[in-house]
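Topology and contacts: notes
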Amino acid sequence: LRWYRAAAEKGQTLAMFNLGDFYRTGQGVPRDMAQAFVWWSLAADKGLAQARGNLAALRRDMSAADLQRGEALLQKQLNSP
């Protein structure tokens, strides 16, 4: 998980996608739909089609509160140096 996070934070698309999977399923981290949203959104923005598909399904399953938190976390991630 540590290596995936480091790679994702450096812009590696597949690492972003895999972090989304980890958060969606709770594999090695607490299950967190908002974090899955963040990492799949970033991977989708980089053109990964599978991330776009997963993100669409995730949006349908997320509560309004999780979606709002995910969007806020995504903005924070996008604005970080």
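Residues numbered from 1 in each chain as written. Predicted model: local features only at pLDDT ≥ 70, side-chain atom pairs only at ≥ 80, totals over all residues. Heavy atoms only, no water.

This brings us to the packing of aromatic side chains. Tallying each qualifying case throughout the model produces two aromatic pairs. Note on Tyr4 and Phe22: the rings are 5.3 Å apart at their centroids and 75° apart in plane angle, and the pair reads as edge-to-face. Taken together, the positions of Tyr4 in helix α1 (residues 2-9) and Phe22 in helix α2 (residues 13-25) put the pair 18 residues apart, joining distant regions of the chain. What makes Phe22 buried here is its relative accessible area of 12%. (Phe/Tyr/Trp six-rings, centres within 6.5 Å; stacked < 30°, edge-to-face > 60°. Helix = DSSP H or I, 4+ residues; strand = E, 2+ residues; numbered from the N terminus. Buried < 20%, exposed > 50% of the residue type's maximum accessible area, 1.4 Å probe, protein only.)

Right, let's get into the packing of α2 against helix α3 (residues 33-45). Where α2 contacts α3, the two axes come as close as 8 Å, and the packing angle between them is 160°. Taken together, the axis directions place α2 and α3 in an arrangement best described as roughly antiparallel. Handedness of the α2/α3 crossing: left-handed. Counting all contacts with α2, which are made through Thr13, Met16, Phe17, Leu19, Gly20, Asp21, Tyr23 and Arg24, the residues of α3 involved are Met33, Gln35, Ala36, Trp39, Trp40, Leu42 and Ala43. Residue classes in the contact of α2 with α3 are distributed as ten nonpolar, three polar and two charged. (Axes fitted to C-alpha atoms, helices over the stretch in contact; angles between N-to-C directions. Parallel < 35°, antiparallel > 145°, perpendicular 65-115°, else oblique. Left-handed = near helix turned anticlockwise from the far one by under 90°. Contact = heavy atoms within 4.5 Å. Nonpolar A, V, L, I, M, F, W, Y, C, P; charged D, E, K, R; others polar.)

We now examine the pattern of salt bridges. For the structure shown, the criterion picks out two salt bridges. Between Asp61 and Arg24 there is a salt bridge whose closest N-O contact spans 3.3 Å. One end of the pair, Asp61, is in helix α4 (residues 49-61); the other, Arg24, is in helix α2, and 37 residues separate them in sequence. Here Asp61 falls in the exposed class, since its relative accessible area comes to 53%. Of the residues examined, Arg24 reaches a relative accessible area of 22% and is grouped as partly exposed. The salt bridge involving Asp32 is made with Arg69; its shortest N-O contact spans 2.5 Å. On the criterion of sequence distance, the pair formed by Asp32 in the loop between α2 and α3 and Arg69 in helix α5 (residues 64-79) is long-range, its members being 37 residues apart. Of the residues examined, Asp32 reaches a relative accessible area of 16% and is grouped as buried. The class of Arg69 is partly exposed, set by a relative accessible area of 37%. (Salt bridge = Lys/Arg side-chain N within 4 Å of Asp/Glu carboxyl O.)

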